[in-house]
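Secondary and tertiary structure notes
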Amino acid sequence: MTFAKKDISDFPLSSPPLDERNIEILSVPGLSVNLQHVGNTLKITATGTLKRVCNPILKKINSRLQEEKLALVQEDRVIASAWLPPIPSSVFKRLILAEMQIALGKYIPETISIELTCQNSYRYPPEIISEEMDKGTIKRIINEALELGTFIITFTENDPLLREEIFEFIKYVDKKRAIVNCSTWGTDFSREIACRLKEEELHSIMVAIYSTNPQKHDAIRKSEGAYERATSAIKIALEAGLMVVMTTHVSPSNIHELPALYDLASELGVHEFSVWEAMPKSREEPVLTEENRKYILGMYHRINSSREGIRMFSNTYFEGHMLGAMAGRRWMHITAYGDVKPSPYIPFNFGNVKEKSLKEIWQKIRGYPYFQSQNNLTPMHDPDFIELVDRIPAEAKLPYPFEKVYKR
């Protein structure tokens, strides 16, 4: 595999299987989906009686393939973004099937994010750590997620690599059914860890950097040397041949730092610079304005339409324009203690996997009219949803049961 190529113009016409020009991605009764490679252009086409059902998502994917640079081009497949499965692949087939079901009104938790530990250091007392989900529970919810149609599993929050079974969990995920992403703070990251992640077929490693000023990043992480550990982890992961994403959260207070952060990501040589909108915890906290979002979208389009430089991902575009808000519609999050939320940022819980199946909890989330409606604003940016957050008692333990604030 070649990990340096990021532009379709460098796509090797002689490399199998994409030199066949028309590669079958999916074939089911009433539908055939194929990947066409003509010159420097990739296009996904559909034929059959079910063509109309999958055309909306194919149109969106094709616009990304044809208008934007790719995160990674390999000899036998392309990866448009670390947040999407490779094309072609059996996981990409699951994406098509999931989007067809969504088009017919049956929403699938396409992405499941799982917290593996409450630790961000080794200093947590044993009684806190003992409340984390055990290994059996985590494997069970991986199985249940795959049965629900999930095709992206992300181990996230704090530093998942501090959980000693992390490699076992990554290996456990059936790679024919889902890709696996994992975030890290860079804590004790080493070449041995990077090589093991590569061996277990990790799709991408994600490292957050919040400022190009090391002291400022350290202050946000509340850990001296955090910046050095993060940049070191990126370099080590790249040397091991992993796909690497540098992530950041943007708010009104740091939006001016985005160009410098992109330059840092380019200098480090990551495959994608991933920008997420920071989420307020209450209506008093400042949120991105429409002017801020226009700035992010302008940067996104400018960077991705250029042949030079690395790719940029932005949930301002992905959720705001491409798919709509994903929380409770295409996304479900599980905390280290087993509480299930529509996304990591929402202070409500809809059940606990230690007590109920993931399917039951997903059906409960989907039963609320708020998550049945389409919205281009993530819930914590939506004034109507913030009204529900305001109903949480001041001293309540979070995440708070949603049914206590939502009046049907």
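Reading guide: rules and limits
- Within every chain, residues take consecutive numbers counted from 1 along the sequence as written.
- The predicted nature of this model means local features are confined to residues of pLDDT at least 70 and side-chain atom pairs, given and counted, to a pLDDT of 80 or more, with totals for whole chains, interfaces and linings taken over all residues.
- Side-chain figures throughout are based on the complete set of non-hydrogen atoms in the structure, without hydrogens or water.
- Nine residue types can take part in a nonpolar core, namely buried Ala, Val, Leu, Ile, Met, Phe, Trp, Tyr and Cys, and a core is a set of them joined through side-chain atoms within 4.5 Å.
- Buried residues are those whose accessible area, probed at 1.4 Å on protein chains only, stays under 20% of the maximum for their type, while exposed residues exceed 50% and partly exposed ones sit between those limits.
- A run of H or I in DSSP counts as a helix once it spans at least four residues, and a run of E counts as a strand once it spans at least two, with each numbered from the N terminus.
- When DSSP locates at least two bridges between a pair of strands, those strands are taken to pair.
- Note on definitions: salt bridges are taken to be side-chain nitrogens of Lys or Arg within 4 Å of carboxyl oxygens of Asp or Glu.
- The pLDDT value expresses, per residue, how confident the predictor is, ranging between 0 and 100.
- Contacts are residue-level and defined by heavy atoms, with any inter-residue pair within 4.5 Å sufficient.
- Whether a set of points on the 1 Å grid over the protein atoms alone is a cavity depends on a 1.4 Å probe fitting there but being unable to get out, while an open set qualifies as a pocket with protein on both sides within 12 Å along at least five of seven lines; lining residues are those with an atom within 4 Å of a point.
- Grid points are joined across faces, edges and corners, and a volume is the space filled by probe spheres set on the points.
- Each residue receives one of three labels: charged for Asp, Glu, Lys and Arg, nonpolar for Ala, Val, Leu, Ile, Met, Phe, Trp, Tyr, Cys and Pro, and polar for the others, Gly being one of them.
- A helix is expected to reach a length of 1.5 Å times the quantity of its residues less one.
- Polar contact is the term for a pair of N or O atoms within 3.5 Å; when the atoms are in protein, one must be able to donate a hydrogen and the other to accept it, and sequence-neighboring residues count only if both atoms are side-chain atoms.
- Axis lines are fitted to C-alpha atoms, over the contacting stretch for helices. Their N-to-C directions set the angle, which ranges from 0 to 180 degrees.
- Our arc is simply the arc of the directions from the helix axis toward the C-beta atoms.
- We call Phe, Tyr and Trp rings a pair once their centres come within 6.5 Å, taking the six-membered ring for Trp, and we label the pair stacked below 30 degrees between planes, edge-to-face above 60, and tilted otherwise.

1. Points about the nonpolar core
Judged by nonpolar contacts, the single largest core of 132 residues is most densely connected at Phe155, Phe273 and Phe348. Top element by residues in this core is helix α2 (residues 90-103). It accounts for 7 residues.

2. Things to note about the sheet that holds strand β9 (residues 204-208)
Strands sit in the order β12-β11-β10-β9-β8-β7-β6-β13-β14 across an open sheet of 9 strands; the sheet is mixed. The open sheet is flanked by β12 (311-314) and β14 (340-341), the only strands paired with a single partner. Relative to strand β10 (residues 244-250), β9 runs parallel, the two being bridged by 4 bridges. Counterpart to Ala208 in the pairing with β10 is Thr247.

3. As for the pattern of salt bridges
When the charged atoms of two side chains lie near each other, side chains of opposite charge can form a pair. A complete count under the given rule lists 18 salt bridges for this structure. Close ionic contact of Arg196 with Glu200 constitutes a salt bridge, the shortest N to O distance being 3.2 Å. Salt bridges linked by common partners bring Arg64, Glu67, Glu68, Glu272 and Arg311 together as one network.

4. Some words on the confidence of the model for the chain
Per-residue pLDDT for the chain averages 90, and the proportion of residues at 70 or more is 91%. For residues 1-19, every residue scores under 50 in pLDDT, and the model assigns this stretch 56 contacts once sequence neighbours within four places are set aside. Predicted confidence for residues 121-125 stays below pLDDT 50, and this span has 6 contacts to residues more than four positions away or in other chains.

5. Considerations on the layout of surface pockets
What the second largest pocket holds in volume is close to 390 Å³. Arg77, Pro86, Glu201, Leu202 and His203 are, among the 21 residues lining the second largest pocket, the residues nearest its centre. Counting residues per element, the ones that place at least two in the lining of the second largest pocket are α2 and β8 (179-184). Class assignment of the residues belonging to the lining of the second largest pocket gives a composition of 12 nonpolar, 5 polar and 4 charged.

6. Looking at helix α4 (residues 135-148)
Given a rise of 1.5 Å per residue, 14 residues ought to cover 20 Å, and the 20 Å separating the end C-alpha atoms of α4 matches this to within 8%. As for α4, its buried residues are in contact with α2, β6 (111-115), β7 (152-156), α5 (166-172), β13 (331-334) and α12 (358-366). Among the residues of α4, the N-terminal cap falls to Asp134, whose side-chain oxygen and the backbone nitrogen of Gly136 are separated by 3.2 Å. Within two residues after α4, Gly149 carries a phi angle of roughly 110 degrees, on the positive side.

7. Thoughts on the sheet that holds strand β1 (residues 22-28)
Judged by pairing direction, the sheet is antiparallel, and its 3 strands sit side by side in the order β1-β2-β3 without closing on themselves. Two strands close off the open sheet at either side, each with one partner strand: β1 and β3 (41-47). Strand after strand, the sheet turns through a mean of 15 degrees between neighbouring axes, direction not considered. With 7 bridges joining them, strand β2 (residues 31-38) and β3 adopt antiparallel strand pairing. Residue pairing across strands places Val38 opposite Thr41, the latter belonging to β3. Where helix α1 (residues 51-67) meets the sheet, it contacts β2 and β3, and its direction lies at approximately 180 degrees from that of β3. Against the sheet, α2 engages β1, β2 and β3, with an angle of about 50 degrees to β1.

8. Let's talk about helix α9 (residues 258-268)
Among the residues making up α9, those that are buried are Leu258, Leu261, Tyr262, Leu264, Ala265 and Leu268. For α9, the buried positions fall inside an angular range of 160 degrees around the axis, keeping them on one side. Summarising the contacts, the buried residues of α9 are in contact with α8 (226-239), β10, β11 (272-277) and α10 (290-305). Downstream of α9 by a residue or two, Gly269 has a phi angle that is positive, lying close to 85 degrees.

9. What about the packing of aromatic side chains?
Evaluated as defined, the whole model comprises 22 aromatic pairs. Ring centres of Trp276 and Trp331 lie 6.2 Å apart, and the angle between their planes is 55 degrees; on these two criteria the pair is classed as tilted. Highlighted residues: Trp276 in strand β11 and Trp331 in strand β13, separated in sequence by 55 residues. Here Trp276 and Trp331 have matching classes, each one buried. Ring geometry for Phe350 and Tyr368: centres 5.8 Å apart, planes at 75 degrees, overall edge-to-face. Here Phe350, found in the loop between β15 (348-349) and α12, pairs with Tyr368, found in the loop between α12 and α13 (369-372); they are 18 residues apart in sequence, far enough to count as distant.

10. A look at the pairing of β9
The element β9 is largely enclosed, with a buried count of 5 among its 5 residues. Because side chains alternate across β9, one face comprises the buried residues Ser204, Met206 and Ala208, and the other comprises Ile205 and Val207, equally buried. Direction of pairing for β8 relative to β9: parallel, over a ladder of 4 bridges. Bridge assignment links Asn181 to a residue of β9, and that residue is Ser204.

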